[in-house]
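Observations on the model geometry
Chain residues, written in single-letter form:
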Amino acid sequence: MKIEIAEATSLKGKVTISGSKNATLAIMACSILTDELLILNNVPNISDVQMLAKLLREVGIDVVYLEKKHKMYLRKKKLKIRLQASDVKQIRASYYIMGALVAMRKNFKTCYPGGCDFAKRPIDYHLEAFRKTGYKIIEKNNFLFFKKQRGHSQNQNFYLARKSVGATINIIYISVLKNTSTIIKNPSLEPEVMQVITLLNQMKAKITILDQDTIEIKGVKKLLGTIFDIMSDRIEAGSYMLLACAAHQSEVRIENIYLPHLREVIQTIKELGVSIKEGKNYLELKKTFPLKGIEKEIAHYPFFPTDLQQILTVVCTQAITTSILSDEVYPNRLSHLLEIQKANGKVKSFKKKIYIEPSNLFATTLYAHDLRCGFACIVIGAVAKGITTIENAEVILRGYEELTNKLQKLGIRIKMK
Ligand code: EPU
């Protein structure tokens, strides 16, 4: 799939933000942990959600997705595990299916998850936790064979060497249904992890944040069904906010957002010199002056999110002074630099920092290596002189609902072919 996008002299209009991709993916997998019905509201219609629904069906979950209503019904029938390697490899979040099946003490065969491959993305913390909870995992012919062992120790503590969203959630899954307590040290407490904890506690789990460094999980016998509203996607919101900053001029309203999750993004945008008016669940951005260069450390929440680093890099090419970014979470998330350079952008990476000089971008053919690199290419297209073509554009649909429609509402001329 290709996108063609023309330079936009000014952006004007409003965008309504959808439900959070990464919260939805983790929450859908919770359907494996209960025999009762799980009803989700505000589920975004994006290809990653469709793919996870397919994988859940492959393990015996009945999934009904009313796309227009953004409503999903999930109910476990009988776990019958027939995971297709080609599907597992499509999406990163297939590791949540591993965690939930381990929680249910199943033997199964799967493979390494795929998805956005912007950097080395190991799952060693996940596998170590599964082994510690009493599983033998054998790797053979690119498959992973999960075999439960007898007599595994129940009372366990886990320490994560790095804060990991996926590993924290998977350790929660494998601990909620035990008959003892578990402690996770150095967990990720990103808003998406907090959503999963809120949902599971609503399903009658007993998960407590003891302090910013410790989660305690007291095992329960069973989890109940529930109805749950997925929160708004802070990364989608941040993407459109940053697009409004990069544009030559803009007057944009972003609706259906939860402002506390966006504090550092708002602060960064103010540092760039764009004015922001805050409402209860909306923001209004107005760009009339050229941007100032910034220095920004990208780190775990509440710092500026790694998922917006690539898009922020493009924004910084439009500043009148040099910017320096450093991404602590994924220092090698750099697929976008080549694309910015193709468009005449002066960017380079040196000793885990990204240096960005003021640049006049020109339209050319770009390649969306991964989801966020794809949105970064859209931002290049909106500011570069001429008509930009973006190849491999389907990866952008993994995480952005109604992409072309939302961009057109801001006055961007865009076509998907
Ligand atoms: N890490 C390891 N070993 C592991 C797990 C993580 O070394 O077993 C390292 C990673 O290499 C990385 C750091 O720990 O340096 C944090 O990675 P994390 O595990 O938090 O990433 P993830 O759970 O695989 C989720 C999101 C990503 C987002 C990251 C960081 C989902 C499905 N994915 O990935 O979202 O970038 O957390 O916030 O929730 C995206 O939406 O574009 C996206 C890539």
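Report follows, based on the coordinates. (Residues numbered from 1 in each chain as written. Predicted model: local features only at pLDDT ≥ 70, side-chain atom pairs only at ≥ 80, totals over all residues. Heavy atoms only, no water.)

To continue, consider the overall build of the protein. Helix and strand counts for the protein come out as 13 helices and 23 strands. Over its C-alpha trace the protein gives a radius of gyration of 22 Å, about what one expects of a compact globule, namely 22 Å for 417 residues. Viewed in the frame of its principal axes, the protein has a C-alpha envelope of about 65 × 45 × 45 Å. When burial is assessed residue by residue, the protein has 57% of its 417 residues classed as buried. Within the protein, contacts between residues at least 6 apart in sequence are counted, and of these 72% link residues at least 24 apart. With the model as given, the accessible surface of the protein reaches about 17500 Å², and the carbon-plus-sulfur share is 50%. (Helix = DSSP H or I, 4+ residues; strand = E, 2+ residues; numbered from the N terminus. Rg over C-alpha atoms; globule rule 2.2 N^0.38 Å. Buried < 20%, exposed > 50% of the residue type's maximum accessible area, 1.4 Å probe, protein only. Contact = heavy atoms within 4.5 Å. Areas by Shrake-Rupley, 256 points an atom, 1.4 Å probe, with all protein chains shown as cover.)

Another point: the environment of Asn201. As for its position among the elements, Asn201 is in helix α7 (residues 191–202). Here Asn201 falls in the partly exposed class, since its relative accessible area comes to 26%. Once residues lying within four places of it in the same chain are set aside, the contact partners of Asn201 are Lys206 and Ile207.

The environment of the ligand is formed by 24 residues, the closest being Asp124, Ser164, Val165, Asp307 and Val329. Taking Val329, its main chain carries an N or O atom lying 2.7 Å from an oxygen atom of the ligand. At a separation of 2.8 Å, an oxygen atom of the ligand approaches a polar side-chain atom of Arg372. Look at the ligand: alone it shows 830 Å² of surface, and the protein chains cover 93% of it. Residue assignment for the shell around the ligand shows that the elements contributing at least two residues are α1 (21–28), α5 (124–132), α6 (165–176) and α12 (371–383). Looking at which domains feed residues into the shell around the ligand, each of domain 1 (2–17 + 233–416) and domain 2 (21–229) gives three or more. (Near = heavy atom within 4 Å. Polar contact = N/O pair within 3.5 Å; in protein donor to acceptor, adjacent residues only side chain to side chain. Domains from an automatic or database assignment.)

For helix α11 (residues 335–342), the set of buried residues is Ser335, His336, Leu337, Glu339 and Ile340. Buried residues in α11 make contact with α10 (309–317), β19 (346–350), β20 (353–357), β21 (365–367) and α12.

We now examine the packing of aromatic side chains. Taken as a whole, this structure holds seven aromatic pairs when the rule is applied. Here Tyr96 and Tyr173 contribute two aromatic rings whose centre-to-centre distance is 6.0 Å and whose plane-to-plane angle is 65 degrees, an arrangement assigned as edge-to-face. Of this pair, Tyr96 sits in helix α4 (residues 95–103) while Tyr173 sits in helix α6, and the two are 77 residues apart along the sequence. Note on accessibility: Tyr96 and Tyr173 belong to one class, buried. (Phe/Tyr/Trp six-rings, centres within 6.5 Å; stacked < 30°, edge-to-face > 60°.)

Bringing the nonpolar core into the picture now. Counting 75 residues, the largest nonpolar core has Phe146, Tyr173 and Leu200 as its most contacted members. Ranked by the residues each element gives to this core, the list is headed by α4, at eight residues. Residue contacts for Leu200: discarding those within four places in its chain leaves Cys30, Leu33, Ile172, Tyr173, Val176, Ala205, Ile207 and Leu223. Counting residues in hydrophobic clusters, the runner-up holds 72 residues, among them Leu242, Cys316, Cys377 and Tyr400. (Core = buried A, V, L, I, M, F, W, Y, C linked by side-chain atoms within 4.5 Å.)

Turning next to the sheet that holds strand β11 (residues 206–211). In spatial order, the strands read β9-β10-β12-β11; together these four strands make up an open sheet with mixed pairing. Two strands bound the open sheet, and with one partner strand each, they are β9 (156–159) and β11. Strand-to-strand twist in this sheet, taken as the mean axis angle between neighbours without regard to direction, amounts to 15 degrees. Both β9 and strand β10 (residues 181–185) contribute to a ladder of four bridges, which runs parallel. The residue of β10 that forms the bridge with Gln156 is Thr182. Against the sheet, α6 touches β9, β10, β11 and β12 (214–218), its axis set at about 25 degrees to β12. (Pairing = 2+ DSSP bridges. Axes fitted to C-alpha atoms, helices over the stretch in contact; angles between N-to-C directions.)

This next bit is on the packing of α5 against α6. Running from amino to carboxyl end, α5 crosses α6 at an angle of 15 degrees, the nearest separation of the two axes being 9 Å. With respect to α6, the axis of α5 lies roughly parallel. Crossing handedness for the pair α5 and α6: right-handed. Between α5, through Tyr125, His126, Ala129 and Phe130, and α6, the contact on the second element is made entirely by Gly166, Ala167, Asn170, Ile171 and Ile174. Tallied by class, residues from the contact of α5 with α6 come to six nonpolar, three polar and no charged. (Parallel < 35°, antiparallel > 145°, perpendicular 65-115°, else oblique. Left-handed = near helix turned anticlockwise from the far one by under 90°. Nonpolar A, V, L, I, M, F, W, Y, C, P; charged D, E, K, R; others polar.)

Further remarks concern the side chain of Asp87. As for its placement among the helices and strands, Asp87 is situated in helix α3 (residues 85–88). With near-sequence residues (within four places) excluded, Asp87 lies in contact with Met51, Lys54, Leu55 and Glu58.

Attention shifts here to the sheet that holds strand β2 (residues 11–16). Read from one edge of the open sheet, four strands run β2-β14-β16-β15, paired in mixed fashion. The open sheet is flanked by β2 and β15 (275–278), the only strands paired with a single partner. Recorded for the sheet is a direction-independent mean angle of 10 degrees between the axes of neighbouring strands. In this sheet, strand β16 (residues 282–287) lies alongside β15 in antiparallel orientation, the contact comprising four bridges. By the bridge assignment for β16, Ser275 is matched with Lys286. Running over the sheet, helix α8 (residues 234–246) touches β2, β14 (250–255) and β16 and is turned about 20 degrees from β16. Across the sheet, helix α9 (residues 263–272) touches β15 and β16, and the angle it forms with β15 is around 145 degrees.

Taken as a whole and assessed by the stated rule, the structure comprises one cavity of 30 Å³ or more. In this structure, the largest cavity occupies an estimated 30 Å³ of space. Lining of the largest cavity is provided by Ser18, Gly19, Lys21, Pro44, Ile46, Asp233, Glu236, Gly399 and Glu401. Taken together, the residues that form the lining of the largest cavity break down as two nonpolar, three polar and four charged. Both domains that meet at the lining of the largest cavity, namely domain 1 (2–17 + 233–416) and domain 2 (21–229), each give it at least three residues. (1 Å grid on protein atoms, 1.4 Å probe; cavity = no way out; pocket = protein on both sides within 12 Å on 5 of 7 lines; lining within 4 Å. Points joined across faces, edges and corners; volume = space filled by probe spheres on them.)

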